[in-house]
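An overview of the molecular structure
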Amino acid sequence: MALRAARILRFAEATGVTNRLLLTMCSPAEAVYVKRPVDSVTVPGAEGTFTVTNNHSLIVSQLKAGVITVRDGSDLKDYFVSDGFLFFNHATDGSGCCTADISAVEVVPTSALDKDRAAQVLSELLAAPKDTEWDRSKAQLGAALVNQVMKAAE
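Let me begin by describing the structure that accompanies this report. (Residues numbered from 1 in each chain as written. Predicted model: local features only at pLDDT ≥ 70, side-chain atom pairs only at ≥ 80, totals over all residues. Heavy atoms only, no water.)

Along the chain, the position of H90 falls in the loop between β8 (84–89) and β9 (99–104). For H90 and H56, which are 34 residues apart along the polypeptide, the C-alpha to C-alpha distance reads 8.1 Å. What H90 contacts, discounting residues up to four positions off in sequence, is N55, H56, S57, L58 and C98. (Helix = DSSP H or I, 4+ residues; strand = E, 2+ residues; numbered from the N terminus. Contact = heavy atoms within 4.5 Å.)

In this section: the packing of aromatic side chains. All told, the structure shown has two aromatic pairs when counted by the stated rule. Measuring from ring centre to ring centre gives 5.9 Å for Y33 and Y79, while their planes differ by 85 degrees; the resulting arrangement is edge-to-face. One end of the pair, Y33, is in strand β2 (residues 31–38); the other, Y79, is in strand β7 (residues 75–81), and 46 residues separate them in sequence. Summarising the burial analysis for this pair, Y33 and Y79 share the class buried. Here F85 and F87 contribute two aromatic rings whose centre-to-centre distance is 6.3 Å and whose plane-to-plane angle is 25 degrees, an arrangement assigned as stacked. (Phe/Tyr/Trp six-rings, centres within 6.5 Å; stacked < 30°, edge-to-face > 60°. Buried < 20%, exposed > 50% of the residue type's maximum accessible area, 1.4 Å probe, protein only.)

Once that is clear, we can look at the pattern of salt bridges. Taken as a whole, this structure holds five salt bridges when the rule is applied. Of the charged contacts, one joins D39 and R20 as a salt bridge, the two residues approaching to 3.4 Å between their closest N and O atoms. Of the two residues, D39 sits in the loop between β2 and β3 (40–45) while R20 sits in the loop between α1 (2–10) and β1 (21–26), which places them 19 residues apart along the sequence. Exposure remark for D39: the relative accessible area of 26% places this residue in the partly exposed category. The partly exposed category is assigned to R20, whose relative accessible area is 23%. Taken together, the shared-partner salt bridges in this structure form one network comprising R20, D39, R71 and D72. (Salt bridge = Lys/Arg side-chain N within 4 Å of Asp/Glu carboxyl O.)

Membership of the largest hydrophobic core comes to 22 residues, with the highest contact counts inside it found for M25, V41, I68, V70 and I102. Mapped onto this core, the elements with two or more residues apiece are β1, β2, β3, β4 (48–53), β6 (66–72), β7, β8 and β9. Non-local contacts of V41, meaning those with residues more than four positions away in its chain, are made with L21, L23, F50, T51, V52, I68, T69, V70 and I102. Counting 11 residues, the second-largest nonpolar core is a separate cluster that includes F80, L122, L125 and A152. (Core = buried A, V, L, I, M, F, W, Y, C linked by side-chain atoms within 4.5 Å.)

Residues other than glycine seldom take positive phi values, yet K35 does so here, at roughly 50 degrees. Tracing the sequence through the fold places K35 in strand β2. What makes K35 partly exposed here is its relative accessible area of 37%. The phi dihedral of N55 is positive, around 70 degrees, even though this residue is not glycine. Along the chain, the position of N55 falls in the loop between β4 and β5 (59–63). With a relative accessible area of 55%, N55 lands in the exposed category.

Now the structure itself:
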């Protein structure tokens, strides 16, 4: 019952909220936030890390592997994303609440990352045969992703 109530509250619409950034962050498997009012969100953009707040300029940005930090007052929550996109839009109603929509392939709380397991996966990738172009590409891309996981897990 408590789990059901928590899910309902997580997906509750922000009513009566004005001049806040409404964050929606999801992956194909889960919606982490749905129009949740926050102060800011810092994302690993393809061109560099940047922070979005309410009334930011319009933006669509590709995300690379890294950490997303959600700030609400003094509360900070970090999530690892493998890649994805950020869409920022201005308010369409009179609330003054802009929206930031993050769509990512994977969204994992950094507290759930296992640095030792990531190091093991990296060793396996580097030790695997690299006879074909596919093998070399898989090892290179996999190593880059695992290195970002290890960095986020620190």
